[in-house]
Amino acid sequence: MRINHLLLFLILTLSLFTGCRREPKQNYIVIGSTIDIDSFNPYLSTSLFTQDLLDRVYLRLAIEQEDYRTFKPLLAKRWEWSKDSMQITFYLRNDVFWTDGVKTTAYDVEFSFKCAVSPEVAWLNAEDIVRNIEYVKAINETTLVVKYRYVYPYQLTDINDVWIIPKHIYEKIPFSEWRRNGYFDEKPVTNGPYKVVRWERGQLIELVKNEKYFDRNYPKIDRVFVKIVPNEANLILQFLNGEIDVLPSIPPSVAEKYENNPNIKFIRYPFLAYEYIGWNQKNPIFADKKVRQALSYGINVDEIIKVILKGNAVRSTSPFPSIFWAHNDKLKPYPYDPKKALELLYEAGWRDSDHDGILDKIINGRKIDFKFTLITNAENQTRKEIATAVQNDLSKLGIRMEIQVYEFNTFMRHILTRNFDAVLSGWRVATKPDLTTIFHSEAINSGHNIVSYSNPYFDKLNDSAAVMNNLNNAKILWDKIQEIIYEDQPYTFLYEPVRISGISKRIKPETVRMNSISFLYNLHEWELK
């Protein structure tokens, strides 16, 4: 599954939810979040949290399995490959209906593909779909043909990433008007196990069981409340008091303190994600890779993991986490080595020429002090603590770093417009290896290459590896690609989190499956005691 990288993922953003207790039947749960969703139109969303929620109300063709490589039928009952593997024919269920009573058909999928590739819609994941899929055609209501431009390992992944939306609703408004029209948000028409009955922006989302869902056995829980409260401390307190049933991401310090609380259960699992500091190379301070290497040597990441994360993370070395098959396990984390950092800074021309305690350098004829601002999102207490630790480490090198925190939407705007010096954030990694979106030169203006990194050799190898059909041969290229990134350090790769989620004693833990695909992976199967 491709995760919108610009999501800047919020992995530790503590997407905690909470909600109101007005359901007399008691067959409900309350999830808490520090942020709201950004749209019920999946092609307009850039939020990871939104995607997690929309996957509970919209059906995909198939369900990606926890091995990240195989799929089980969902809207599609089955599929067949052509002999040359250039085409897949999908056979859809005949008993799936939109919440307004109209049947879901192959024509909805055909229309959705047009949405996905439309320049006017400008879906953030459109590039791969346009590059790899030639066309999608509905033969009749239940038969769909997908024609590819060539054979590659992720053909099923790509078509399954296309969100399926109701043609009879969305075709009413031209693609060019989508981003200026809130109609889809006010009256979302969906076909998943849950449907939307209320969205009070910035406050509350209410989902209820979809009585038209094709599998009458699900969902087990009738109602889901999502209450948005930006204050993380308040959300945690409500969880501990039993007012919240689910916290998707819990700070390690909280989990450590309340591990033996009989009213809650913590669930730990590896996460296909990493936290990083991105150095914006449009800022001349960060243009030299020796400087970026020095910054990586100058940050004591091991101490951050020990003190702030309470050991609930492992060091990160590349954009592929260590649990991912494409990861290059020969790469070792940059050690904390202030002496090496200063040597590299010296080689890059940085000196304290005026003896004021801050390094400086002549750049374009002007003396520039090594000062910059690092931004992160205010909702994430862990990131704020890490930013302070980084600030202290770099000050020992003669680098003055200011910290600026923004509420999430403002934070996103700064990133989208590349309006920052350095950013502390994270990615949840797509289960399809392809670094085009975040590091390719072509993604500087149109993708998620927010640090404006450019290396033609990287571009060439990535373009080859991303479409290579032999995974063993692709792995050789991916290893080399990671070596290039390791050398260039467009990011300082900090750590891969062990995600900690929490559920209340009301929920049967044996029915809950949380993983890197989503903390709500099987929400429809959850049961209450």
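Conventions we followed
The residue numbers shown here count from 1 along each chain, following its written sequence. With the structure being a predicted model, the display of local features is reserved for residues of pLDDT at least 70 and the display and counting of side-chain atom pairs for 80 or more, all residues being used for whole-chain, interface and lining totals. Each side-chain value is derived from all of the structure's non-hydrogen atoms; neither hydrogens nor water enter the calculation. Labels follow the DSSP assignment, with helices taken as runs of H or I lasting at least four residues and strands as runs of E lasting at least two, numbered in each case from the N terminus. In this description the radius of gyration comes from C-alpha coordinates, and the expected globular size is given by 2.2 Å times residues to the power 0.38. Three labels apply to residues, based on accessible area from a 1.4 Å probe with only protein chains included: buried if under 20% of the type maximum, exposed if over 50%, partly exposed otherwise in between. A 1.4 Å probe and the Shrake-Rupley method give the accessible areas. Residues count as covered only by the protein chains that appear here. A residue counts as positive if it is Lys or Arg and as negative if it is Asp or Glu; His and the chain ends are not included. Every charge is mapped to an atom, namely NZ of Lys, CZ of Arg, CG of Asp or CD of Glu. Just to be clear on terms, a salt bridge is a Lys or Arg side-chain nitrogen sitting within 4 Å of an Asp or Glu carboxyl oxygen. Between N or O atoms, a polar contact is any pair within 3.5 Å; within protein, one atom must be a potential hydrogen donor and the other a potential acceptor, and residues adjacent in sequence are included only when both atoms are from side chains. Contact criterion: two residues are considered in contact whenever any of their non-hydrogen atoms come within 4.5 Å of each other. To form a nonpolar core, buried Ala, Val, Leu, Ile, Met, Phe, Trp, Tyr and Cys residues must be joined to one another through side-chain atoms within 4.5 Å. Aromatic pairs are defined between Phe, Tyr and Trp rings, using the six-membered ring for Trp, whenever the two ring centres lie within 6.5 Å; interplanar angles under 30 degrees are classed as stacked, those over 60 as edge-to-face, and all others as tilted. Scored from 0 to 100, pLDDT reflects the predictor's confidence in each residue.

**With respect to the overall build of the protein chain**
- Helix and strand counts for the protein chain stand at 17 helices and 20 strands.
- For the protein chain, the C-alpha radius of gyration of 24 Å lies close to 24 Å, the compact-globule estimate for 529 residues.
- Overall, the protein chain is about 75 × 55 × 40 Å in size when its C-alpha atoms are taken along their principal axes.
- For the protein chain, buried positions account for 61% of its 529 residues.
- For the protein chain, the exposed area adds up to about 20,500 Å²; of that, 49% sits on carbon and sulfur atoms.
- Taking the 68 positively charged and 66 negatively charged side chains of the protein chain as two groups, their mean positions are separated by 3 Å.

**Considering the pattern of salt bridges**
- Under the counting rule described, the total for this entry stands at 30 salt bridges.
- A network of salt bridges, in which partner residues are shared, links R198, E200, E206 and R223.

**Here we look at the side chain of H440**
- For H440, the position within the fold is in the loop between helix 14 (436-439) and helix 15 (443-446).
- Looking at H440, its side chain comes within polar contact range of the main-chain nitrogen of E442, at 3.0 Å.
- One polar contact links H440 to D463, side chain to side chain, over a distance of 3.1 Å.
- Residue contacts for H440: discarding those within four places in its chain leaves L435, N449, Y453, F458, D459, N462 and D463.

**Digging into the environment of D185**
- The residue D185 is located in helix 6 (residues 183-186) in this model.
- Residue classification places D185 among the buried residues on the basis of a relative accessible area of 12%.
- A C-alpha to C-alpha distance of 10 Å links D185 and R201, two positions 16 residues apart in sequence.
- Once residues within four sequence positions are removed from consideration, D185 is found in contact with S39, F40, N41, W199 and R201.
- Here S39 takes part through its side chain, which lies 3.1 Å from a polar atom of the side chain of D185.

**Some details on the nonpolar core**
- Counting 116 residues, the largest nonpolar core has I29, Y43, F90, I159, W178 and W526 as the members making the most contacts within it.
- Ignoring anything within four residues of it in the chain, the contact list for W178 reads N41, Y43, L44, F111, C115, V121, I165, Y170, I173 and F184.
- If you look at the next biggest cluster of nonpolar residues, it comprises 38 residues, including I305, L345, F372 and V390.

**Considerations on the packing of aromatic side chains**
- As enumerated under the stated definition, the model contains 32 aromatic pairs in all.
- Arranged with centres 6.1 Å apart and planes meeting at 45°, the rings of F111 and F175 form a pair that is tilted. Pair noted here: F111 is in helix 2 (residues 106-117) and F175 is in the loop between helix 5 (167-170) and helix 6, with a separation of 64 residues, a long-range link. For the residue pair F111 and F175, the accessibility class agrees, reading buried in each case.
- Each ring, one from F175 and one from W178, has its centre 5.1 Å from the other, and the planes form 85°; the classification is edge-to-face.
- Accessibility expressed as a relative area gives 1% for W178, which makes it buried.

**Details of the environment of T89**
- On the secondary structure map, T89 appears in strand 5 (residues 87-92).
- Between the C-alpha atom of T89 and that of K432, which follows or precedes it by 343 residues, the distance is 22 Å.

**Examining the confidence of the model for the protein chain**
- Across the protein chain, the average pLDDT comes to 92, with 95% of residues at 70 or higher.
- Contacts for the low-pLDDT stretch residues 3-24, under 50 throughout, to residues beyond four places or in other chains number 138 contacts.

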